[in-house]
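So the chains spell out like this:
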Amino acid sequence: MHRFPQAGAHAHAHRSPRHALRLLALAGLALCAGQAVASGYRFGTQSAAAEGTANSNGAEAADASTIFSNPAGLTRLGKGWHVSGVLDYVDPKVKFTDAGSYISLPGSGFQPKATSVAGDVVEPTKATFVPHLYGAYQASDDLAFGLGVFVPSGAKLDYRPDWGGRYNVNFVELKSLAFNPNVAWKPAKQFSVSAGVTLEYMHGDIKRAVPYGNAYAAGLLGAAQQAAAAGASGVALQLQQQAAQVYANPMFDGGVHVKGADWGLGVNLALLWELDEQTRLGVAWRSGIRHKLKGSADWTQPATLPANVLAAATGAPYDGKGKLDHNDSGASLEVKTPDSISFQAFHQLNKRWAVMADATWHRQSTLEELRIKFDSTTPPSITPEHWKNVWRASVGAQYQFNEQLTLRAGAARDKSPVQGQYRGAALPDSDRDWLAFGLNWKFNAQTSIDLALGHVKLKDAPMSITDDGEGEKPCNCSNATVRGNYQTKATSLGLQLNHSF
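Everything numeric here is computed off the predicted structure, so don't read it as measured data. (Residues numbered from 1 in each chain as written. Predicted model: local features only at pLDDT ≥ 70, side-chain atom pairs only at ≥ 80, totals over all residues. Heavy atoms only, no water.)

Engineer: Just to check I follow, could you spell out the layout of surface pockets for this structure?
Structural biologist: The probe, sized like a water molecule, is rolled over the atoms to show the empty space still left. Of the pockets and cavities examined, the largest pocket occupies roughly 570 Å³. Along its surface, the largest pocket is lined by 28 residues, and Glu60, Ala61, Ala62, Asp63 and Lys442 are the ones closest to its centre. Going through the elements one at a time, β1 (80-98), β13 (339-348), β17 (390-400), β18 (405-414), β19 (432-442), β20 (447-458) and β22 (480-500) are the ones with two or more residues in the lining of the largest pocket. (1 Å grid on protein atoms, 1.4 Å probe; cavity = no way out; pocket = protein on both sides within 12 Å on 5 of 7 lines; lining within 4 Å. Points joined across faces, edges and corners; volume = space filled by probe spheres on them. Helix = DSSP H or I, 4+ residues; strand = E, 2+ residues; numbered from the N terminus.)

Spelled out as structure tokens, the structure:
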């Protein structure tokens, strides 16, 4: 990419593309704006049996999917093999109402320019099918093994290319997959314990617009200052007029596409205490998983460069033959997913009714900032986040209608780790309420299916965030402000097949 010769202009031209690389962090951590099932960047449903009670049945331990919620329950499944296959369908709906987004060029004297556009700016998100698989083998009354393959986090959000927050994010997607082997042991009649490891793959993908028009304007203003100092007031005026023409002009928007991926390792422990035949209490802990997402950043300038502008600033306009890329390089980001600990209870009231509850704490406060390191000489970029620790609470009940049919229902409140003043366009997260219904149908003693329906509604999420580096010096930022309000909801359907042999 062409660089302006003035020191101040050079820094400004170079920092806008560099800032966009920081969004690799959002691609690797916070791509759940379109995923409304769970707060933060968790996927939120890994079992249809659990989904029917809004994830309140962790201490029930009725099938192999207990590997995710409380693997100590593997000792309750009975001797032999047990398999549960799950398919989740998630249909999120996200609406953004712009309230005056704009971009500015500090120190230029130019007034901020509006970037708002009318109408729906979030492209309709296609419903997603997400599979999970669990297998268990109980070797004896006291010893069992299990393997879970599930999606711990994942989402997708696609904005219109011209929307008001395009300099913050245009497209984000997160994909992950975890392999979680466990062993469960029953050292005493009433107690079961388990331990496991998790091998997790994470991949992030993000695109955003880059305001090269502001970089051009900064270069022209720097050249105008030099011309004025040399007494060429006419030239200085012409350069200032050209700067005003390119400033905040979407014709001169470029783009960046960032990708990163990594494997990480975590551990988990669980305990199940059977007070009597009717009552069970459980505790399940999962460690955070450290990832170093390694990937690439591909920068592209506008297809049509303002030759007269570059000629005025440098005397060397673009000749139409060179590659329109800038600072293509590798990039990496070290992140850690949150630790979590769940407290679970299950009680059989009588032959037909059972009640259950779950309270899960997520240690999200470790996410204070996101720091990108580059393979080039570009300095690291820092994005403040200031996430907070959060709780998720759920309650549920089930009714044994007859020998074949069990009906379920549950409700949950899930707090968001995102504080309102730091809410950004890549993760417009907020507190949510979840209402769920489900059923289990037994075909015979070995085979059953679970069906679940869930509806999640997020609180309105107002946002007013300026990409100014929160006072970080030097400021590697676009100085774009996104203002508006998000309204988000989602419907989820779960299907699960259980078989023992």
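Now that the structure is up, let's keep going.
Engineer: Hey, could you run me through the environment of Ala59 in this one?
Structural biologist: Its location among the elements puts Ala59 in the loop between α3 (48-51) and α4 (66-69). Between the C-alpha atoms of Ala59 and Trp273, which are 214 residues apart in sequence, the distance is 8.9 Å. Among residues more than four places away in sequence, those in contact with Ala59 are Leu272, Arg280, Gly282, Gln344, Ala345 and Phe346. (Contact = heavy atoms within 4.5 Å.)

Engineer: Is there a simple way to think about the pattern of salt bridges in this case?
Structural biologist: Opposite charge on two side chains makes pairing possible when the charged atoms of those side chains draw close. A complete count under the given rule lists 12 salt bridges for this structure. For Glu274, the salt bridge is made with Lys186, and the minimal N-O distance between the two is 3.6 Å. Taken as a pair, Glu274 in strand β9 (residues 253-274) and Lys186 in strand β7 (residues 171-188) lie far apart in primary sequence, 88 residues in all. Accessibility classification places Glu274 together with Lys186 in one group, the buried group. (Salt bridge = Lys/Arg side-chain N within 4 Å of Asp/Glu carboxyl O. Buried < 20%, exposed > 50% of the residue type's maximum accessible area, 1.4 Å probe, protein only.)

Engineer: Looking at this structure, I do not really get helix α5 (residues 212-229). What am I missing?
Structural biologist: With 18 residues, α5 should reach 26 Å at 1.5 Å per residue; the first-to-last C-alpha distance of 26 Å fits that figure. The buried fraction of α5 amounts to 14 of the 18 residues, a majority that puts the element mostly inside the structure. Gly231 lies just past α5 and shows a positive phi near 90°. (Expected span 1.5 Å × (residues − 1).)

Engineer: Would you mind showing me how to read the nonpolar core here?
Structural biologist: Generally speaking, a soluble globular protein has its nonpolar side chains buried in company with each other. In this structure, Phe96, Tyr159, Trp163, Val169 and Tyr486 are the most contacted members of the largest nonpolar core, which totals 42 residues. For this core, the secondary-structure elements that each account for two or more residues are β1, β8 (191-211), α5, α6 (233-246), β9, β11 (290-300), β21 (461-466) and β22. The contact partners of Trp163, leaving out residues within four places of it in the chain, are Phe96, Thr115, Val117, Val121, Val169, Asn170, Ala425, Val482 and Tyr486. (Core = buried A, V, L, I, M, F, W, Y, C linked by side-chain atoms within 4.5 Å.)

Engineer: Can you walk me through the pairing of β1 in this structure?
Structural biologist: One face of the sheet, then the other: side chains in a regular strand alternate in exactly this way. Across 11 bridges, the pairing between β1 and strand β4 (residues 128-138) is antiparallel. If you follow Val90 over to β4, its bridge partner there is Thr128. (Pairing = 2+ DSSP bridges.)

Engineer: So what exactly am I meant to see when it comes to α6 here?
Structural biologist: Each α-helix turn comprises 3.6 residues. Residues three or four places apart therefore point the same way. Taking 1.5 Å of rise per residue, the 14 residues of α6 would be expected to cover 20 Å, and the 20 Å separating its terminal C-alpha atoms lies within 8% of that figure. Those residues of α6 lying buried are Ala236, Leu239, Gln242, Ala243 and Val246. Around the axis of α6, the buried residues are gathered within 125° of arc, so they sit on the same side. Looking at α6, the residues exposed on the side facing more than 90 degrees away from the buried face are Ser233 and Gln245. Remark: Ala248 follows α6 within two positions and exhibits a positive phi of approximately 55°. (Arc of directions from axis to C-beta.)

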